[in-house]
Structure formats: structure tokens, C-alpha cells
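Each chain, written out:
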Amino acid sequence: MTWEAGVRVRGGGALVRWFAAALAVVCAVLAVPPAAAAAEVEDDVAGIIVVGVPGLAWTDIDEAVTPHLWAMAGSGASGSMSVRTIGSWTCPEAGWLSLGAGERAGGAAPRDAQCAAQSHLPAPAEDGGGWSAEGWDALVEANESFNYGARLGSLAEALATMAVEEEAAAVEAEAAGEPVVEPDPGACAAGIGEGAALAAADTEGRIAFWAPDLGSLGAAMAACDVVIVDPGVVVGDAADEAPDTSTDYDQLGQDDVGVGSDDPSGEVDAGEIEPEPDAVRERAAGAADAAVGEVRAALPEDWRLLVAGVADASAPSALHPVLYEGAGVEAGELTSATTGRDGYVQLVDVTATALDAVGADVPATVAGAPIQVLPDAGRTSGAAVAEGIDETAASQAVISVSFVFYSVLSGLGVVGVAAAVWLLCGSDRFRGLARAVCLAVASIPVAGVAAGIPPWWRADDPPLAFWAIIAAGVAVLTVAASLPWTRQGARPVWVIAGAAALLIAVDQVSGATWPLHTPMGYTAQAGARFTGLGNYAFAVFAAAVILLVAFLPWRGRARVWGPIAIGVCAVVIVGAPNLGRDMGGTLTLVAAGILCCWKLWGRRLTVKAVVVAGGIAFAVFAVGGFLDYLRPQEDQTHLGRFVGSVLDGTAMNILIRKADAAIGTIGRPLTWISLAALIGAIVIWRKRAPIRSDEVAAAVIGLTTVAVVGAVVNDSGIAVTGFCTALGFGLLAVAVGPRTERAEPATPDPVATAPTSGN
């Protein structure tokens with residue numbers, strides 16, 4: 001029996017006008033600059049000292065053990081830093097190199113579980129005319145294979161460029177008879193300690209000034225405006241407690257899921273590392289604190305000091321503290337444009353901060369942005385440390401439950417697909433159970449988003465608290481979609497898909513906090529993205545929007561402007577630079593939304609329609625990216641930076657990394673639910689084809705587009721398909737319902753679908 005739509009849109013010109021208006025609205029919103037979280041400290045200073053302490057954690061900062069670090073946490077500004085570089089944990093050699101490059105870099109030595117090989121760094125060689133970093137050519141060669149485009153030595157190169165430009169400006173001014181501004185003789189980077197030599201070296205591995213210890217700190221400050229200090233301390237546990245100190249995980253490539261990916265399940269379990277008594281860490285932290293105290297005592301009033309845990313001491317990774325004080329730095333919290341979130345910065349931001357502090361331009365090779373200060377005069381050392389510990393605990397707790405969450409979701413998702421097939425094609429027996437399973441499985445990712453609202457990681461047993469929230473969320477949504485007044489027709493779709501879309505939309509508008517603390521988003525220590533819409537949450541949001549557009553009871557002209565209004569709002573939430581910031585998601589959702597609406601309006605899906613939808617999606621992507629690129633570099637999102645990489649010819653590295661990451665997701669837990677969905681779809685098609693309803697066809701086309709295009713253009717790959725399936729497959733089956741003599745799908749409300757005259 002054919003179920004006809006109440007309104008069939010026939011005018012091609014009207015559709016073009018609607019889409020043109022929608023495109024104009026989207027582009028206008030995408031052009032709105034992101035809200036500035038804080039103002040940069042604009043006053044140039046005489047110089048800056050960066051003290052790097054690999055392994056330093058918030059739990060190491062104690063009033064008695066580390067009094068200088070404790071004092072800095074209260075008197076200056078502080079934040080938590082992701083040190084993610086090439087792998088899922090960063091050893092000291094890679095950390096120091098990344099600091100000098102301002103981009104994710106890896107070491108040449110093996111990256112073992114305890115970072116033993118990358119913690120013992122050679123001193124630079126002195127040749128009479130200066131110093132040269134040992135093994136520099138090998139480091140450059142190693143990073144050429146990582147496809148991150150790291151230009152080792154960018155920090156020193158940018159300072160040297162500033163010196164050349166100042167010299168040229170002085171010569172030009174003198175020739176023109178104008179006042180001459182003397183070039184800064186300290187436009188260079190000095191290193192103290194072996195690790196600092198890697199950060200202070202230029203692109204050829206040469207170091208303007210180097211000394212082995214803090215006894216030469218005064219000479220270093222006299223020589224260069226940027227001084228990088230390695231106190232020679234790694235705050236960690238004893239190497240003989242590690243299960244693996246020889247495997248080179250960078251060569252294996254087993255734990256890398258690519259920049260921008262948020263798949264913690266791709267990280268290698270390097271083994272449990274049993275720490276020795278706290279005295280081991282206390283001694284190391286105390287030694288680092290003594291070095292910081294020596295630097296603070298020698299710090300001139302017009303200099304700044306930044307102390308950062310620039311690397312991990314071992315696997316697994318963690319967030320590390322950043323403490324910032326000195327000339328022009330107020331007490332408060334740190335943030336940066338690369339994170340867009342208060343209290344969080346990245347390792348590459350330290351590079352940009354050092355350059356910005358002394359008035360040097362931040363080159364395009366530096367991926368970071370200058371650290372900004374959110375003033376808070378009432379911030380105390382205790383409050384800053386407690387906040388840092390809590391942020392680290394939240395990130396670690398998410399990692400601890402992520403793999404199990406994905407595995408459970410995939411396993412139950414396979415059961416859910418089987419239940420959907422039974423509901424649509426099986427006998428009446430167990431039909432109620434199959435329907436309940438479909439609703440419950442669809443509720444899991446929604447509950448996963450909601451789990452980020454309460455601070456479950458603070459519980460005595462965080463995993464137990466997390467799963468209790470998931471179970472409660474699934475129960476509530478399943479019951480809510482099974483009540484007498486919600487179980488009919490497509491109404492369960494309104495309940496569960498509506499809850500998913502509303503939760504994620506509210507989260508994005510309110511600051512995108514919830515998924516950060518659940519497996520549905522990005523963990524802060526992964527450094528992929530600290531705000532905006534993650535790939536997993538996007539897949540759930542997009543699937544929910546498609547289902548709502550297809551199955552809401554549109555009447556009259558609302559069947560045209562209603563879906564467009566929802567689509568425009570959804571695209572803005574996904575792609576706006578002050579909201580979702582998801583470039584791949586924007587492209588995917590625009591294409592899926594257009595094809596869904598096209599079929600919903602009774603139009604025939606042709607190759608031309610697919611090409612037009614793809615063209616419009618690419619146009620929105622390109623226009624939004626170009627408008628973002630026109631903003632100042634510090635205000636750009638990753639979309640604008642990607643456009644910049646296209647223009648400067650480095651985009652291929654990004655595309656290769658994303659492709660590798662997407663391919664690498666095949667075989668991980670969410671692969672199996674995706675495979676089950678493919679098999680289930682074939683079975684349903686063979687038994688229930690053809691689709692006799694525009695609504696069902698629109699939902700199928702929209703969900704398929706999200707699942708396929710989303711997997712291709714996002715580096716989470718098959719995981720996007722998995723999450724789209726988890727929410728969409730069972731709900732679509734419930735909306736369609738079992739085969740009956742009456743109609744297909746079951747109509748949610750007869751009056752809502754009655755033919756309307758005059759259209």
C-alpha cells in the first residue's frame with residue numbers, strides 16, 4: 001500500500017529560492033567571529049624564560065614540597081596543558097623538539113613506555129663558533145615521516161627573522177634620514193640544559209647560546225631575549241618499574257589516530273606502570289622547584305617566567321601544569337585560541353607565547369597561539385592546584401571507561417540491528433522485546449552525552465558511577481518512548497532523537513562542556529579539540545536531526561520551511577566558529593540535509609540532485625572556511641587554518657594524516673556495529689523493498705549520507721558510521737514499524753498527514 005505525503009513540492013524555482021536563502025543565512029552566521037575569551041597581554045617585555053619540567057603534574061605541586069611552584073600558582077596565571085604530539089604520550093625528546101618547532105614533533109630515539117630512551121639527551125657539541133645539537137639531521141629526517149609538517153627550529157628561526165627585519169628597517173630609516181630604532185641585539189633563543197638545546201636550536205641545529213646549568217643564567221639573559229631552561233629533572237617513576245622500556249611505539253604507529261581524532265580506543269595499553277613510593281616524585285619535584293626558585297630570584301622586573309610540564313615521564317599521558325608570571329601577567333586562568341576553553345592550553349602555545357612576549361611575529365609554521373590570561377584577583381594557589389588536579393582526574397577517568405564504552409555500544413548495537421531486522425521482517429513473536437531493544441540501544445549515545453553533566457569522575461569508583469549514569473539514562477529514555485501517548489507511530493523518534501538533538505545543541509550553546517568529560521567527546525589530554533563538536537557527538541546529532549526532519553508531522557507549507565529551518569539551525573550549531581567548529585561535519589550535514597529534504601518533498605533522487613547537493617555542501621564549506629581564514633590568525637578556528645594550509649601548499653600533510661587516521665579506525669569496536677548495519681540493511685531491503693513513503697526514503701537517504709560521507713571526511717572514520725547506526729538504525733525501524741495491512745510506516749498522527757488543499 002502506498003503512503004502518500006500530504007504535500008508534494010513541485011516547483012523547482014521555489015526550491016532553489018529556499019536553498020539560496022538558507023545558504024545565505026548559514027554563510028552569514030559562519031562569518032560571525034568567535035567570542036574572544038580574553039585579551040592578550042599586549043605590552044612587550046624585555047624577555048621571557050621558559051622552564052620545562054617533563055613529567056610535572058598538578059599533584060606534584062605542594063606548599064611544603066614545591067613552595068616556589070605553589071607560589072606561582074597563586075601569584076600568577078595557571079592552566080592545564082596537553083602535551084600531545086605524535087603519539088598518545090609524549091616523551092621528553094619529542095616535547096622539547098615540539099617546543100622549538102611550535103608544531104607536533106617526534107623524537108628520533110625509541111618512544112618506549114617509560115620514556116627512558118628519550119629522557120637521556122646528549123649535550124650539544126661546541127665547535128668554537130657556537131653550539132650544535134647532536135643528531136639534528138636524524139631528528140629532521142624522523143619528523144619528515146610523521147606528516148605533521150613540523151619545522152624543527154621555528155622558534156629560533158622566527159627570532160632570527162625578527163633580527164634581520166629590524167636591521168633592514170634601521171638601514172632603511174638611516175638612508176631616509178628618519179629616526180633609527182636600534183635593532184634588538186637579543187633577538188635569539190638561548191638554552192640551558194640538554195633538553196633546552198633542542199628547543200633553542202635553529203633549523204640547522206645551531207644554538208645561539210648554550211650552557212649546561214643555571215650558573216650561566218645571567219649570561220644567557222644578557223645574550224638572548226628568550227631563554228629556555230631544562231633543569232635536568234624528569235618528574236616520574238623509576239625506569240625499572242616499567243613493563244616495556246625498549247619498544248619503539250612511534251615506529252609501530254599503533255597508538256596514533258591522527259590530529260583532530262578523538263578516538264581514545266586507538267591508544268596502546270603500554271602496561272600498568274607501578275609507581276614507587278611518593279618520595280621518588282617528591283625528590284624530583286623538589287629539585288625542579290629549587291631550579292624554579294633560582295630562576296625567580298634572578299628574574300628582572302621586566303621579564304616573564306613560564307614554567308610548564310613539557311612532556312610525559314611515561315605512558316599513559318596526562319595533563320600538565322603551566323604557571324605564568326612576571327611583567328604584565330595578572331593572577332588568573334590561562335587559555336588560548338587553539339583550545340578556546342578556559343583553563344586549557346597546548347604545548348605548541350608555549351612557542352607562540354615566547355615569540356609574542358618579545359614582539360616577534362608568530363610564523364605560519366607554528367601551530368600554537370599566544371597564551372592569554374583571564375584575570376582573577378581572588379585566585380589562590382590552593383584553588384588553582386585543586387582545579388588542575390580535578391581537570392586531570394576527569395581526563396584520566398574518561399580514558400579509563402572509553403574502550404569499554406565503545407565495545408559495549410558496538411556489541412549491543414549489533415543486537416539492536418538484529419532486533420530492528422526482526423521488528424521489520426520477523427514474526428509477531430518477541431516483537432515488543434525487539435522494539436524495546438531498538439529504543440534502548442538508540443538511547444545509549446544520548447545517555448553518553450548526558451553523562452558529562454554530573455562530575456562522575458569525583459566518585460569513589462568513577463567507572464561504576466559512569467555506568468550507573470548510562471544505565472539510568474537508557475532506562476529513562478526507553479520508558480519515556482514507550483508510554484501510551486509516546487509509543488505510537490514515529491513518536492518514539494521525537495522523544496529520543498529530540499532529546500539527543502536538544503542535549504547537544506544546548507551543550508554547544510552553553511560552552512561545549514559535557515562531551516569533554518565522556519567518551520562521546522574529546523579528552524583534554526588528547527589535544528584534538530577542547531571545544532566545539534566532536535566527531536562522535538556530531539554523528540549522533542546529525543542522525544537525530546535527519547530523523548526529526550523526516551518524521552515530524554509537517555503540515556502545509558511547514559513541510560518546506562520547517563525542515564529548512566531545522567537544517568539551518570543544525571548547520572550553524574555544527575559549523576559556526578563560536579559553536580561546533582566542525583568543518584567535516586558541516587560538509588556532511590549540508591549534503592545529508594539537502595538530500596533528505598529533496599526526497600521528503602517528493603522529488604526524484606537523481607545523479608544531478610546528488611551533484612547539486614555536494615556542490616552546495618562544498619560551497620558552504622569553502623565560503624565558511626575562507627571567511628574564517630580572513631580573520632586574524634589568533635582568532636581562526638581549524639577550518640580557517642585548513643584553508644591557510646591549502647593556500648600555502650601544506651594541506652596534503654593534513655589530508656594524509658586524516659586519511660591514515662580514518663583507515664586506522666577499521667577493525668576497532670565500532671566497526672562491528674557498522675558491518676551489522678550493512679548486513680541488516682540488505683536483509684530488510686530484500687524483504688521490505690521498495691520504500692513506499694517519502695518520509696522513510698528521506699530518512700534512509702539522510703542517514704546513509706551521514707554514515708558514508710561522515711566516515712570519509714572525518715578522521716574518526718568508521719566510528720562516525722557506528723554512532724550514526726547506534727542512534728538511527730533502531731529508531732528508523734521503530735518509526736516504520738512491522739508490515740501491516742494498513743500503512744507503512746505507521747503514521748504518528750492521521751490529521752498531520754492528511755492531504756492539504758491548495759498546495
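Residues numbered from 1 in each chain as written. Predicted model: local features only at pLDDT ≥ 70, side-chain atom pairs only at ≥ 80, totals over all residues. Heavy atoms only, no water.

Caption draft 1: The arrangement of the overall build of the protein in detail. Regarding its fold elements, the protein presents 23 helices and 13 strands. Expressed as a percentage of its 759 residues, the buried residues of the protein come to 57%. (Helix = DSSP H or I, 4+ residues; strand = E, 2+ residues; numbered from the N terminus. Buried < 20%, exposed > 50% of the residue type's maximum accessible area, 1.4 Å probe, protein only.)

Caption draft 2: Molecular detail of the pattern of salt bridges. Taken as a whole and assessed by the stated rule, the structure comprises seven salt bridges. Its salt-bridge partner being Glu157, residue Arg151 comes within 2.8 Å of it at the nearest N-O pair. Taking the relative accessible area as the measure of exposure, Arg151 reaches 38% and is therefore partly exposed. Across the salt bridge formed by Arg458 and Asp390, the nearest N and O atoms sit 2.9 Å from each other. Remark: Asp390 occurs in helix α11 (residues 381-425) and Arg458 occurs in the loop between α12 (431-450) and α13 (462-480); sequence separation between them is 68 residues. Its relative accessible area of 22% is what places Asp390 among the partly exposed residues. (Salt bridge = Lys/Arg side-chain N within 4 Å of Asp/Glu carboxyl O.)

Caption draft 3: Highlighting the environment of Val560. Checked against the element boundaries, Val560 lands in helix α16 (residues 558-575). Measuring from C-alpha to C-alpha, the distance between Val560 and Trp601 comes to 7.4 Å, with 41 residues separating the pair along the chain.

Caption draft 4: How the structure looks around the state of the cysteines. All told, the structure shown has two disulfides when counted by the stated rule. Paired by a disulfide, Cys91 and Cys115 hold their sulfur atoms 2.1 Å apart. Where Cys91 bonds to Cys115 through sulfur, the torsion about that S-S bond is close to -75°, and the disulfide is left-handed. One end of the pair, Cys91, is in the loop between β2 (77-82) and α3 (92-101); the other, Cys115, is in the loop between α3 and β3 (125-126), with 24 residues separating them in the sequence. Both residues of the pair, Cys91 and Cys115, belong to the buried class. For Cys188, the disulfide goes to Cys224, at an S-S distance of 2.0 Å. An S-S torsion of about -100° defines the bridge between Cys188 and Cys224 as left-handed. (Disulfide = S-S within 2.5 Å.)

Caption draft 5: Fine view of helix α21 (residues 670-688). Taking 1.5 Å per residue, 19 residues should reach 27 Å; α21 reaches 27 Å between its end C-alpha atoms and fits that length. For α21, the full list of buried residues reads Leu670, Thr671, Ile673, Ser674, Ala676, Ala677, Gly680, Ile684 and Arg688. Of the surrounding elements, those touching the buried residues of α21 are α11 and α23 (718-736). (Expected span 1.5 Å × (residues − 1). Contact = heavy atoms within 4.5 Å.)

Caption draft 6: The arrangement of the pairing of strand β9 (residues 303-308) in detail. Taken across its six residues, β9 has six buried, putting it largely inside the fold. Because side chains alternate across β9, one face comprises the buried residues Trp303, Leu305 and Val307, and the other comprises Arg304, Leu306 and Ala308, equally buried. Here strand β1 (residues 47-52) runs beside β9; their pairing, made up of six bridges, is parallel. By the bridge assignment for β9, Val50 is matched with Leu306. (Pairing = 2+ DSSP bridges.)

Caption draft 7: Representation of the confidence of the model for the protein. Residue-level pLDDT values for the protein average 80, and 79% of them are 70 or greater. When mean pLDDT is compared element by element in the protein, strand β8 (residues 226-229) scores highest at 95, while helix α1 (residues 12-30) scores lowest at 49. Low pLDDT, under 50, characterises residues 1-18; the predicted model gives this stretch 39 contacts beyond four residues in sequence or across chains. Predicted confidence for residues 256-277 stays below pLDDT 50, and this span has 74 contacts to residues more than four positions away or in other chains. (pLDDT = per-residue confidence, 0-100.)

Caption draft 8: Summary view of the packing of α12 against helix α14 (residues 491-509). Two elements in contact, α12 and α14, have axes separated by 9 Å at closest approach and are oriented at 10°. For the element pair α12 / α14, the angle class is roughly parallel. Of α14, the residues touching α12 (which contributes Arg435, Leu439, Ala442, Ser443, Val446, Val449 and Ala450) are Pro492, Ile496, Ala499, Ala500, Leu503 and Ile504. (Axes fitted to C-alpha atoms, helices over the stretch in contact; angles between N-to-C directions. Parallel < 35°, antiparallel > 145°, perpendicular 65-115°, else oblique.)

Caption draft 9: Geometry of unusual backbone geometry. Put simply, Ala315 and Pro316 share a cis peptide bond, and its omega is -5°. Here Pro316 lies in the loop between β9 and β10 (320-326). Despite not being glycine, Cys115 has its phi angle at roughly 60°, a positive value. Judged by its relative accessible area of 0%, Cys115 falls in the buried class. Even without glycine at this site, Phe430 takes up a positive phi of about 65°. One can find Phe430 in the loop between α11 and α12.

Caption draft 10: Molecular detail of a nonpolar patch on the surface. On the surface, Val414, Trp672, Leu675, Leu678, Ile679, Ile682 and Val683 cluster together into a nonpolar patch covering about 620 Å² of accessible area. The element that contributes the greatest number of residues to the nonpolar patch is α21, accounting for six residues. Relative to the elements of secondary structure, Ile682 occurs in helix α21. (Patch = residues over 30% accessible without salt bridge, like charges linked within 9 Å, V, L, I, M, F, W, Y side chains within 5 Å. Areas by Shrake-Rupley, 256 points an atom, 1.4 Å probe, with all protein chains shown as cover.)

Caption draft 11: Quick peek at the packing of aromatic side chains. Using the criterion set out here, one finds 10 aromatic pairs in the structure. Ring plane angle 80° and centroid distance 6.3 Å describe the contact between Trp456 and Trp457, whose orientation is recorded as edge-to-face. Note on Trp456: relative accessible area 3%, which makes it buried. Look at Phe466 and Trp467: their rings are 5.3 Å apart centre to centre, the planes differ by 80°, and that puts the pair in the edge-to-face class. Look at Phe466 and you get buried, because its relative accessible area is 0%. Overall, the relative accessible area of 25% leaves Trp467 in the partly exposed class. (Phe/Tyr/Trp six-rings, centres within 6.5 Å; stacked < 30°, edge-to-face > 60°.)

Caption draft 12: Inspection of the pairing of β10 at higher detail. A large share of β10 lies buried, amounting to six of its seven residues. The pairing of β9 with β10 spans five bridges and is classified as antiparallel. By the bridge assignment, Arg304 is partnered in β10 with Gly326.

Caption draft 13: Here's a closer look at the nonpolar core. Judged by nonpolar contacts, the single largest core of 108 residues is most densely connected at Phe405, Phe541, Phe551, Phe723, Leu727 and Leu731. Element by element, the count of residues in this core is highest for helix α15 (residues 535-551), at 16 residues. Ignoring sequence-local partners within four residues, the contact set of Phe541 consists of Ala501, Ile504, Ala505, Ala570, Ile573 and Val574. (Core = buried A, V, L, I, M, F, W, Y, C linked by side-chain atoms within 4.5 Å.)

Caption draft 14: A look at the packing of α11 against α23. Where α11 contacts α23, the two axes come as close as 9 Å, and the packing angle between them is 20°. Considering their axes alone, α11 and α23 lie roughly parallel with respect to each other. Crossing angle aside, the handedness with which α11 passes α23 is left-handed. Counting all contacts with α11, which are made through Phe405, Tyr406, Leu409, Val417, Ala420, Leu423 and Leu424, the residues of α23 involved are Phe723, Thr725, Ala726, Phe729, Gly730, Ala733, Val734 and Val736. Classifying every residue of the contact of α11 with α23 by side-chain character gives 13 nonpolar, two polar and no charged. (Left-handed = near helix turned anticlockwise from the far one by under 90°. Nonpolar A, V, L, I, M, F, W, Y, C, P; charged D, E, K, R; others polar.)

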